[in-house]
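Each chain, letter by letter, is given below.
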Amino acid sequence: MKNIRDQNQTEIKEFLLLGFNAPHSVNNVLFFLFLVVYSMTLIGNILLIGLYLGDKHLHSPMYFFLSHLSICDILLSTSVAPILLCTFLSDGKTLTVAGCNAQSRVSGVITAVECFLLTVMSYDRYLAICNPLHYISNMSTMHCHHLVSWAWILGFLIALTVMIMISLLAFCGNNVIDFVYCEFTALVQASCSETFYVETVAIILSLPVIVLPFVFIISTYVSIFVAILRISSIKGREKAFSTCSAHLTVVCMYYGILTAKYTAPARGHSLIINKTISVLYTLGTPFLNPIIYSLRNQEIRRTLNKFIFRENIRWKVARLVNNNTCM
């Protein structure tokens, strides 16, 4: 795999990541926009994790999985946003080949883990609605930890396989990556080694990571909808559907953007579209996920209101104590 196609080309050691490659005035606007989005992403997902850890009423399988989904969102956005923000300030960001490869693999690991977590969450909703009598025994604490552990382990191992193969590639000639972050396709295009085997392995591994989980999610929701339609009361149907509506919304958004990302052309006039889709995937979905779960989940809203009310009371008491001390 180390055979270089053109021996006259010098092997490069670093890449210049261009980002959106827009005029300086536009880059300034994009910098502040993405800084706000990234900051809100961190706040929203950390808040969800904090609510889960701080409120025993949220200590259930669904919120346990949701907290890990928030961890994925934080890692995905953090692997891309800081470097992307640097490209806006300096009209590009220099990265070593190893650093570019690392960014590519972090995003790859998180993509795999998030697909597996969404699959586990659909399985959780399936058991809760289609088999409620055995839900507690089927979704024990130990079983939940096993499912999440396997999601992380499999995601890491699958991404590690591709990462090792990419590390064997040689990069020479043009060191400019005209994209928003170092992704697999950009690295393959920048390589001057034979990439057929790497691309073939990546396509094969996408089946257990993306295709099979998506098929499983679709099949579980078909069963869920059939079970909901069998409920006689309208209120019962609404209650059953409300328990999985947030997850279904996130799944549709996530797989919709992911499908668009890997089907949109990466070159020519469609490059700006591909960059926008990639930003929606790496920054948009992590930003929207906590909002969707907060707006469509009564327990999270109730816990958040309780938290705000409690902190407000503490602030007023502290202020009253300080005033009395000063007097």
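The structure presented is a predicted model; accordingly, all values stated were derived computationally and were not measured. (Residues numbered from 1 in each chain as written. Predicted model: local features only at pLDDT ≥ 70, side-chain atom pairs only at ≥ 80, totals over all residues. Heavy atoms only, no water.)

J.: Would you mind showing me how to read the pattern of salt bridges here?
T.: Pairing is possible between side chains that carry opposite charge, provided their charged atoms lie close to one another. The final tally for this structure, using the stated rule, is two salt bridges. The salt bridge involving Asp124 is made with Arg125; its shortest N-O contact spans 2.8 Å. Across the pair, Arg125 and Asp124 agree in class, each one buried. The shortest N-O distance in the salt bridge between Lys275 and Asp178 comes to 2.6 Å. Here Asp178 lies in the loop between β3 (176-177) and α6 (184-190) and Lys275 lies in helix α9 (residues 271-295), a separation of 97 residues in the sequence. (Salt bridge = Lys/Arg side-chain N within 4 Å of Asp/Glu carboxyl O. Buried < 20%, exposed > 50% of the residue type's maximum accessible area, 1.4 Å probe, protein only. Helix = DSSP H or I, 4+ residues; strand = E, 2+ residues; numbered from the N terminus.)

J.: For this particular structure, what's the right way to read helix α3 (residues 97-130)?
T.: One turn of the α-helix equals 3.6 residues, which is why residues spaced by three or four share an orientation. Compared with an ideal rise of 1.5 Å per residue, which puts 34 residues at 50 Å, α3 spans 49 Å between its outermost C-alpha atoms and is within 8% of the ideal. Most of α3 is tucked away, with 26 of its 34 residues classed as buried. (Expected span 1.5 Å × (residues − 1).)

J.: Looking at this model, I keep getting lost on a nonpolar patch on the surface. Mind explaining?
T.: A cluster of nonpolar side chains, contributed by Trp150, Ile153, Leu154, Phe156 and Leu157, occupies part of the molecular surface with about 490 Å² of accessible area. Here Leu154 is to be found in helix α5 (residues 141-167). A relative accessible area of 36% means that Leu154 is categorised as partly exposed. (Patch = residues over 30% accessible without salt bridge, like charges linked within 9 Å, V, L, I, M, F, W, Y side chains within 5 Å. Areas by Shrake-Rupley, 256 points an atom, 1.4 Å probe, with all protein chains shown as cover.)

J.: Can you walk me through the sheet that holds strand β1 (residues 14-17) in this structure?
T.: The strands making up a sheet are joined through hydrogen bonds of the backbone, oriented either antiparallel or parallel. Pairing is mixed across the open sheet formed by three strands, whose spatial order is β2-β1-β3. With partners counted over all chains shown, the strands left at the sheet margins are β2 (93-96) and β3, one partner each. Where β1 lies against β2, four bridges are found, and the strand directions are antiparallel. By the bridge assignment for β2, Leu16 is matched with Thr94. This element, helix α2 (residues 61-90), spans β1 and β2 of the sheet and lies at about 135 degrees to β2. (Pairing = 2+ DSSP bridges. Contact = heavy atoms within 4.5 Å. Axes fitted to C-alpha atoms, helices over the stretch in contact; angles between N-to-C directions.)

J.: So what exactly am I meant to see when it comes to the packing of helix α7 (residues 196-229) against helix α8 (residues 234-263) here?
T.: When two helices pack together, you describe them by how their axes are tilted relative to each other and by the distance separating the axes. Between α7 and α8, the shortest axis-to-axis distance is 11 Å and the interhelical angle comes to 155 degrees. As summarised for this structure, α7 and α8 are arranged roughly antiparallel, according to the angle between their axes. When you trace α7 past α8, the crossing you get is left-handed. Listed contacts from α8 to Ile210, Pro213, Phe214, Ile217, Tyr221, Ile224, Phe225, Ile228 and Leu229 of α7 are Arg237, Ala240, Phe241, Cys244, His247, Leu248, Val251, Tyr255 and Leu258. (Parallel < 35°, antiparallel > 145°, perpendicular 65-115°, else oblique. Left-handed = near helix turned anticlockwise from the far one by under 90°.)

J.: What am I meant to see in the pairing of β1 here?
T.: Each regular strand shows side chains that alternate between the opposite faces of the sheet. By the alternation rule, side chains of β1 split into Phe15 and Leu17, which are all buried, and Glu14 and Leu16, of which none is buried. As judged from the two bridges shared by β1 and β3, these two strands associate in the parallel manner. Bridge assignment links Leu16 to a residue of β3, and that residue is Val176.

J.: How should the UniProt feature "transmembrane region" (unreviewed entry) in the protein be read in this particular structure?
T.: The feature "transmembrane region" (unreviewed entry), as annotated in UniProt, sits at residues 29-53, 65-85, 147-171, 203-228, 240-257 and 277-295 in this numbering. Secondary structure within residues 147-171 divides into 84% helix and 0% strand; the distance between the first and last C-alpha atoms comes to 38 Å. Summarising residues 240-257: 100% helix, 0% strand, and an end-to-end C-alpha distance of 27 Å. (UniProt positions renumbered as here; feature names shortened; annotations may be inferred.)

J.: Could you clarify how one ought to interpret the layout of surface pockets in this entry?
T.: Over the atoms a probe the size of a water molecule is rolled, and this reveals where empty space is left. By volume, the largest pocket is sized at about 930 Å³. Lining the largest pocket we find 35 residues, and of these Phe184, Ala202, Ser206, Ile210 and Tyr262 sit closest to its centre. A per-element tally of the lining of the largest pocket places α7 first, with nine residues. (1 Å grid on protein atoms, 1.4 Å probe; cavity = no way out; pocket = protein on both sides within 12 Å on 5 of 7 lines; lining within 4 Å. Points joined across faces, edges and corners; volume = space filled by probe spheres on them.)

J.: Could you clarify how one ought to interpret the state of the cysteines in this entry?
T.: What makes a disulfide is a covalent bond joining the sulfur atoms belonging to two cysteines. Following the criterion strictly, the structure yields two disulfides and no others. In this model, Cys100 is linked to Cys182 through a disulfide, with the two sulfur atoms separated by 1.8 Å. On the sign convention where negative is left-handed, the bridge of Cys100 and Cys182, at about -100 degrees about the S-S bond, is left-handed. Here Cys100, found in helix α3, pairs with Cys182, found in the loop between β3 and α6; they are 82 residues apart in sequence, far enough to count as distant. (Disulfide = S-S within 2.5 Å.)

J.: Explanation requested: the environment of Gly99 in the structure shown.
T.: Inspection of the secondary structure assignment puts Gly99 in helix α3. Here Gly99 falls in the partly exposed class, since its relative accessible area comes to 29%. Sequence spacing of Gly99 and Phe15 is 84 residues, and the spatial spacing of their C-alpha atoms is 9.3 Å.

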